[in-house]
Amino acid sequence: MADQPLLKDLPCEKNYPVAHLLRVSNFELKKTKKGDDYLLFKVSDATKSLTCKRWNSTATDLDRYKDCKALFITGKVDPYNSEVSIVADSIAEPEEEAAEKFLEGHPEPTKTAPTTPIAMVSVSEKQCALRDYKGKDTPVSGLFRIFGAELKIGKKSPFLVFKLGDKSGELGGKRWESTQEDLDKLKDVRTAFIIGKIDDYGNTNSVIATTIEPRNISDDEFSQLFVSTKYSINFLKKEIWGYIQRIQNKYIRILAENILKDPLIKERFSTSVAAVSLHHNYRGGLCTHVFRNMKVGEALVDGFNNNMYPDGKYKINKDIVIFLALCHDIFKTYEYNPDGTYSQYGGLVPHLPKGAIFAERKMDAIPNFPEELRTQLSHGLLSHHGEEKFGSPVTPKTVEAVLFHYIDYMCSKIDPMLENLDRLSEGVLWTDPIKALAFGDNGRANPAYMGGMLLSEIGSLGDTGNAK
Ligand SMILES: [Fe+2]
Ligand SMILES: [Fe+2]
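Residues numbered from 1 in each chain as written. Chains lettered and ligands numbered in written order. Predicted model: local features only at pLDDT ≥ 70, side-chain atom pairs only at ≥ 80, totals over all residues.

This paragraph deals with unusual backbone geometry. Excluding glycine, residues mostly carry a negative phi; peptide bonds, for their part, are mostly trans. Backbone geometry places Asn-26, a non-glycine residue, at a positive phi of 55°. Looking at where Asn-26 falls in the secondary structure, it is placed in strand 1 (residues 17–31). For Asn-56, which is not a glycine, the phi torsion comes out positive at approximately 50°. Among the secondary structure elements, Asn-56 is positioned in the loop between strand 3 (49–54) and helix 1 (59–65). (Helix = DSSP H or I, 4+ residues; strand = E, 2+ residues; numbered from the N terminus.)

The subject of this paragraph is the pairing of strand 9 (residues 191–199). Pairing of strand 6 (residues 139–152) with strand 9 involves seven bridges; the strand directions are antiparallel. Its bridge partner lying in strand 9, Pro-139 is registered against Lys-197. Note: strand 9 against strand 10 (residues 206–214), eight bridges, orientation antiparallel. Bridge assignment links Gly-196 to a residue of strand 10, and that residue is Ala-209. (Pairing = 2+ DSSP bridges.)

In this section: the packing of helix 13 (residues 371–383) against helix 14 (residues 399–422). Two elements in contact, helix 13 and helix 14, have axes separated by 9 Å at closest approach and are oriented at 30°. With respect to each other, helix 13 and helix 14 are oriented roughly parallel. Note on packing geometry: the crossing formed by helix 13 with helix 14 is right-handed. Listed contacts from helix 14 to His-379, Gly-380 and Ser-383 of helix 13 are Glu-400, Ala-401, Phe-404 and His-405. A breakdown of the residues in the contact of helix 13 with helix 14 according to their chemical character gives two nonpolar, four polar and one charged. (Axes fitted to C-alpha atoms, helices over the stretch in contact; angles between N-to-C directions. Parallel < 35°, antiparallel > 145°, perpendicular 65-115°, else oblique. Left-handed = near helix turned anticlockwise from the far one by under 90°. Contact = placed C-beta atoms within 7 Å. Nonpolar A, V, L, I, M, F, W, Y, C, P; charged D, E, K, R; others polar.)

Attention now goes to the confidence of the model for the protein chain. Averaged over every residue, the pLDDT of the protein chain is 87; residues scoring 70 or more account for 93%. Across residues 111–126 the pLDDT falls below 50, and counting only partners more than four positions away or on other chains, this stretch makes 34 contacts in the model. (pLDDT = per-residue confidence, 0-100.)

Time to look at the sheet that holds strand 7 (residues 159–166). Ordered in space as 6-7-8-10-9, the five strands form a closed barrel in which the pairing is mixed. When the angles between neighbouring strand axes are averaged without regard to direction, this sheet yields 50°.

On to the sheet that holds strand 1, then. Pairing between the strands of a sheet is mediated by backbone hydrogen bonds and can be parallel or antiparallel. The sheet built from five strands closes into a barrel, its strands ordered 1-2-3-5-4 with mixed pairing. Adjacent strand axes in the sheet meet at a mean angle of 55°, parallel and antiparallel pairs treated alike. Pairing analysis gives six bridges linking strand 2 (residues 37–44) to strand 3, with the strands arranged antiparallel. Looking at strand 3, one finds that Leu-40 is bridged to Lys-53.

Our focus in this paragraph is the domain arrangement of the protein chain. Examined at the domain level, the protein chain breaks down into domain 1 (7–105), domain 2 (130–223), domain 3 (233–420) and domain 4 (426–468). A separation of 35 Å is found between the C-alpha centroids of domain 2 and domain 3. (Domains from an automatic or database assignment.)

Spelled out as structure tokens, the structure:
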């Protein structure tokens with residue numbers, strides 16, 4: 001038996017013949033979907049453990065083999081999720097001496113040995129969008145962005161947790177029985193070919209990977225693995241520039257132009273995300289967030305000034321609100337990495353103080369920039385998160401700052417809801433959990449319900465003028 005091939009060298013090729021003396025354990029009698037009994041057990045040599053099945057078995061077979069330590073297995077390879085497994089045609093008990101010799105030379109392989117290699121390769125394959133994988137145990141295979149990998153301690157052995165993403169979305173992933181070495185191999189990896197299956201534990205889809213093969217791809221290909229804004233970037237840039245050009249106050253207009261033209265901002269503004277997961281967390285998300293804040297800001301200022309308080313002495317300054325929409329999150333361009341993860345820098349200097357300091361420097365460069373205006377703009381930038389616990393060193397104290405805080409807050413909730421509801425299939429009433437819908441202190445993401453849309457036919461007037 002010394003010459004038999006090692007299990008680690010067994011090719012993952014359907015029907016490849018197997019005739020091996022192997023260590024055996026964990027015998028169970030299982031039932032197929034049709035109700036037939038089969039034996040499921042573990043086989044191993046010193047290099048690898050595999051699962052093995054034998055169809056058409058009985059409880060007597062289980063009793064016969066369950067205490068055996070080594071058996072001679074004849075059968076063939078049956079790949080499952082690109083993993084080698086064996087289907088046994090026959091099982092024979094070896095001579096006692098041969099069994100003892102084999103067991104001595106083949107101790108159990110270590111449990112943490114990776115079941116599949118992690119190796120550098122570079123291939124690109126067509127694949128199904130991540131969002132379209134539905135249902136427990138649906139096989140997954142494709143090229144994905146991989147990020148946030150960590151090694152966790154499990155009940156039986158350490159396992160990898162990570163995130164994977166493509167242009168349709170992101171999911172959490174796990175790979176059981178992993179090692180520190182596996183984690184180290186993923187350290188600087190941004191894309192990998194992943195094979196596995198869907199798990200729907202807790203009604204949330206995730207991927208249980210059996211294979212993670214790091215891949216090298218071009219920056220261009222990499223940028224295709226992100227969810228993108230539904231607008232064209234050129235449209236957003238044009239619209240935002242249009243709002244800036246309509247700013248009446250020349251100091252605010254020049255300041256806004258200078259900030260947007262600064263090479264530091266210009267380089268990343270159009271592609272940056274607005275958040276890691278809460279809202280507008282896609283390529284072009286920051287631009288989209290700015291554009292929508294400007295649009296909502298304009299409508300609300302006009303609504304308050306012209307419709308609700310047409311005779312009021314105080315007129316809300318639209319220029320300040322538009323400026324805050326443009327600049328409040330401008331340093332998210334550096335708070336987040338281009339791949340949408342938190343940057344090391346952002347954890348040290350958040351976008352609120354950094355944005356305010358940057359804006360003040362730009363004000364310094366504009367001759368005679370009014371001090372009062374400087375104070376109000378900086379106050380709006382620093383207070384836009386509303387409360388100290390959310391990162392604002394000061395709470396909003398001007399009408400413009402309070403109004404903008406609520407515009408920003410509202411858009412960060414309503415936009416993700418509308419974006420998720422838009423994606424629902426016909427007849428589905430609930431979205432997946434949305435992080436932006438975590439209210440209060442428990443931080444639990446909640447799904448959104450297809451609310452008012454369901455009522456569109458109820459109570460509307462028909463041809464007769466009577467309510468339907
Ligand atoms: Fe912010
Ligand atoms: Fe914001």
